[in-house]
Amino acid sequence: VPLVRSTAISAQMRMLLKDGSRINIPPGSMALIGSQDAARIKAAPVIFVGYGLTDPRTGRDDLAGMDLTGAVLLRIAGLPPEYDRTGVIAPGFAERRSLYQARGAIAEISISDAGDERFRKIQSGYRRGLVQLSGDESKLLITGQLRQEAVLPMLAGPGVPFDELRRRSIAPGFRPLATGASITADVRSRIDHFRSANVVGKLAGTGASPEAALLTAHWDGYGICAGGPFGDRICNGAIDNASGVAG
């Protein structure tokens, strides 16, 4: 199976706020990866897009009425509550990012509320490399996550507290908001194309039943960790199938 591994090497990001002040985002507050070995953006406007979803089934269009050309999209991580209520499957990352690119955006960053330890694990996963099916990888210059406290200065520009922006984002009638801030970034990554090995085996039964039992497994998306309970060093995770390597 043709796959792509994107591995984070280094990242620098600076915000220019609406009031003219400049803030360098500390390395411990960002987990970023580029679609190229060297992905650079300069003074790109930042647009807050709520959950960043466009879905006719739920009547949601978080991108409506906003010119996204050359913009960095800042979105809330996760899904709005209507997906839990209705059981509707939300558009996947590949579909969403394809739409962002088609609308002219150059980067997409989610706002993470993860604690210190959890965010360090996210950063570690980026440094080990994210694996996707070839063709499903993002064409946006930069994607990733910033910790909530790092983005609050950007969101202060419109004069609406973040808790209020989060509340407004839940409603399907939400509309995107220009923050008045811009971002300059230099993100270095390693992009490797390779083919996976797959194994198929068959164990014949002893009876005449027409039924079969099918057992499947998948390549783990994050590889080897520093260690775990009972000596297990595999980075098991619930999102591994969504990494595009299910078998």
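Residues numbered from 1 in each chain as written. Predicted model: local features only at pLDDT ≥ 70, side-chain atom pairs only at ≥ 80, totals over all residues. Heavy atoms only, no water.

This part covers the packing of aromatic side chains. Enumeration according to the criterion identifies one aromatic pair in this entry. Taking 5.8 Å as the distance between ring centres and 85 degrees as the angle between the ring planes, the aromatic pair formed by Phe48 and Phe174 counts as edge-to-face. Pair noted here: Phe48 is in strand β4 (residues 38–48) and Phe174 is in the loop between α5 (162–170) and β11 (177–195), with a separation of 126 residues, a long-range link. Both residues of the pair, Phe48 and Phe174, count as buried. (Phe/Tyr/Trp six-rings, centres within 6.5 Å; stacked < 30°, edge-to-face > 60°. Helix = DSSP H or I, 4+ residues; strand = E, 2+ residues; numbered from the N terminus. Buried < 20%, exposed > 50% of the residue type's maximum accessible area, 1.4 Å probe, protein only.)

This paragraph deals with unusual backbone geometry. Its identity as a non-glycine residue notwithstanding, Ala43 has a phi of 50 degrees, on the positive side. Here Ala43 lies in strand β4. What makes Ala43 partly exposed here is its relative accessible area of 47%.

It is worth spelling out the side chain of Thr143 at this point. With respect to the helices and strands, the residue Thr143 is situated in strand β10 (residues 142–147). Owing to a relative accessible area of 7%, Thr143 belongs among the buried residues under this scheme. Filtering out sequence-adjacent residues up to four positions away, Thr143 remains in contact with Ala31, Leu32, Ile33, Arg97, Glu108 and Ser138. (Contact = heavy atoms within 4.5 Å.)

Core analysis: the largest hydrophobic core is formed by 35 residues, its most contacted members being Met13, Leu146, Met154 and Ile183. In terms of residue count, β4 provides more of this core than any other element does, five residues in total. Setting aside chain neighbours within four positions, we find Met13 in contact with Ile23, Asn24, Ile25, Met30, Leu32, Ile109, Leu146, Ile183, Thr184 and Ala185. Within the second largest apolar cluster, ten residues are counted, among which are Val49, Ala71, Tyr100 and Leu140. (Core = buried A, V, L, I, M, F, W, Y, C linked by side-chain atoms within 4.5 Å.)

Here the focus is the packing of helix α4 (residues 148–155) against α5. Following both chains from N to C, one finds α4 and α5 inclined at 90 degrees, their axes separated by 11 Å at the closest point. Here α4 is positioned roughly perpendicular relative to α5, judged by the angle of their axes. Each of Gln148, Leu152 and Leu155 in α4 lies in contact with α5, whose residues at this interface are Phe162, Leu165 and Arg166. Here the residues of the contact of α4 with α5 sort into four nonpolar, one polar and one charged. (Axes fitted to C-alpha atoms, helices over the stretch in contact; angles between N-to-C directions. Parallel < 35°, antiparallel > 145°, perpendicular 65-115°, else oblique. Nonpolar A, V, L, I, M, F, W, Y, C, P; charged D, E, K, R; others polar.)

Turning next to α4. Since the α-helix turns once every 3.6 residues, residues separated by three or four places project in the same direction. When we look at burial in α4, the residues that qualify are Ala150, Val151, Met154 and Leu155. In an axial view of α4, the angular spread of the buried residues amounts to 135 degrees, which keeps them on one side of the axis. (Arc of directions from axis to C-beta.)

The end-to-end C-alpha distance of helix α3 (residues 116–128), which contains 13 residues, comes to 18 Å, matching closely the 18 Å that a straight helix rising 1.5 Å per residue would cover. On the buried face of α3, the contacting elements are β1 (2–16), β3 (30–34), β8 (107–112), β9 (130–133) and β10. Just past α3, the residue Gly129 takes up positive phi, approximately 115 degrees. (Expected span 1.5 Å × (residues − 1).)

Here we take up the pattern of salt bridges. Oppositely charged side chains can form a pair if their charged atoms are brought close together. All told, the structure shown has 13 salt bridges when counted by the stated rule. The salt bridge involving Asp116 is made with Arg147; its shortest N-O contact spans 2.8 Å. Note that Asp116 is positioned in helix α3 and Arg147 in strand β10, a separation of 31 residues in sequence. In this structure Asp116 comes out as partly exposed when scored by relative accessible area, which is 45%. Taken together, the shared-partner salt bridges in this structure form one network comprising Arg40, Asp186 and Arg188. (Salt bridge = Lys/Arg side-chain N within 4 Å of Asp/Glu carboxyl O.)

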